[in-house]
Amino acid sequence: MEVEKANRSRNRTCCCIGTTICIIIATVILILILLFTVFKPKRPVMSIDSMSVKDLDVSFDITKFKVYLNLTIDVDLSIKNPNKAGFKYSNSSAFLNYRGQVVGEVPLPADKISAGETKAMNVSLTLLADRLLSNSDIYSDVKSGVVPLNTYVRLPGKVNMLGFKFHAVSTSSCDFTVYTSNRTMGDQSCHYKTKL
């Protein structure tokens, strides 16, 4: 009789251990399925919604063969976080470039974008005239009325999914032309890239 009780007790213990192992395996499989489907990290998407000339002042000094150019560009961009968790990005900058040379910069402070949220940012990029003094092309470009420029924004950040951190970097680069005669923009071409 005592042998029967010992066998039943052993069977119950084996049954409990087997059930516990099956539950643990099922839970791990369920978590892995969720990680690779519903909670799979997705790339944050940055897009430039609009760009416009806010301020433009041009003057020539023909005696010194110099041009004085003050320009401010308003850039409205948005970042969409398609993840089921927040996207936290670190401090970054938006740049204004003239023929490959950085001529304007504005800081973008670190922030967080909630799950499924689209965050709008309004950035004013001001051309710093002192950075153009050494560039010989600016005189001919302003005189012709066509100034080629580029904006570049890079946002590095992290997506935290169920305790796992995934690094993501979203960038946008827009080439455009400012027409000094009528103070407008044209020939805009933007490229977006996101790495996860």
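Everything below is about the structure shown above.
Remember, it's a predicted structure, so these values are computed and weren't measured experimentally. (Residues numbered from 1 in each chain as written. Predicted model: local features only at pLDDT ≥ 70, side-chain atom pairs only at ≥ 80, totals over all residues. Heavy atoms only, no water.)

Peer 1: Quick question: what am I supposed to make of the pattern of salt bridges here?
Peer 2: One side chain can pair with another of opposite charge once the charged atoms of both are near each other. Taken as a whole, this structure holds three salt bridges when the rule is applied. The salt bridge involving Arg-99 is made with Asp-137; its shortest N-O contact spans 3.9 Å. You can see Arg-99 sitting in the loop between strand E4 (92-98) and strand E5 (101-108) and its partner Asp-137 sitting in helix H2 (residues 137-144), a full 38 residues away along the chain. For Arg-99, a relative accessible area of 47% gives the class partly exposed. The exposure class of Asp-137 is partly exposed, given its relative accessible area of 33%. Arg-99 is the partner of Asp-141 in a salt bridge, and the nearest nitrogen-oxygen pair spans 2.9 Å. Placement of the pair is Asp-141 in helix H2 and Arg-99 in the loop between E4 and E5, with a sequence separation of 42 residues. The exposure class assigned to Asp-141 is buried, which follows from its relative accessible area of 9%. (Salt bridge = Lys/Arg side-chain N within 4 Å of Asp/Glu carboxyl O. Helix = DSSP H or I, 4+ residues; strand = E, 2+ residues; numbered from the N terminus. Buried < 20%, exposed > 50% of the residue type's maximum accessible area, 1.4 Å probe, protein only.)

Peer 1: Explain the state of the cysteines to me, please; I cannot follow it from the model alone.
Peer 2: In a disulfide, the sulfur atoms of two cysteines are held together by a covalent bond. Counted according to the given criterion, the structure contains one disulfide. Disulfide pairing places Cys-174 opposite Cys-190 at an S-S distance of 1.9 Å. With the S-S dihedral at roughly 115°, the linkage between Cys-174 and Cys-190 falls on the right-handed side. Taken together, the residues Cys-174 in strand E9 (residues 164-179) and Cys-190 in strand E10 (residues 184-195) connect sequence positions 16 residues apart. (Disulfide = S-S within 2.5 Å.)

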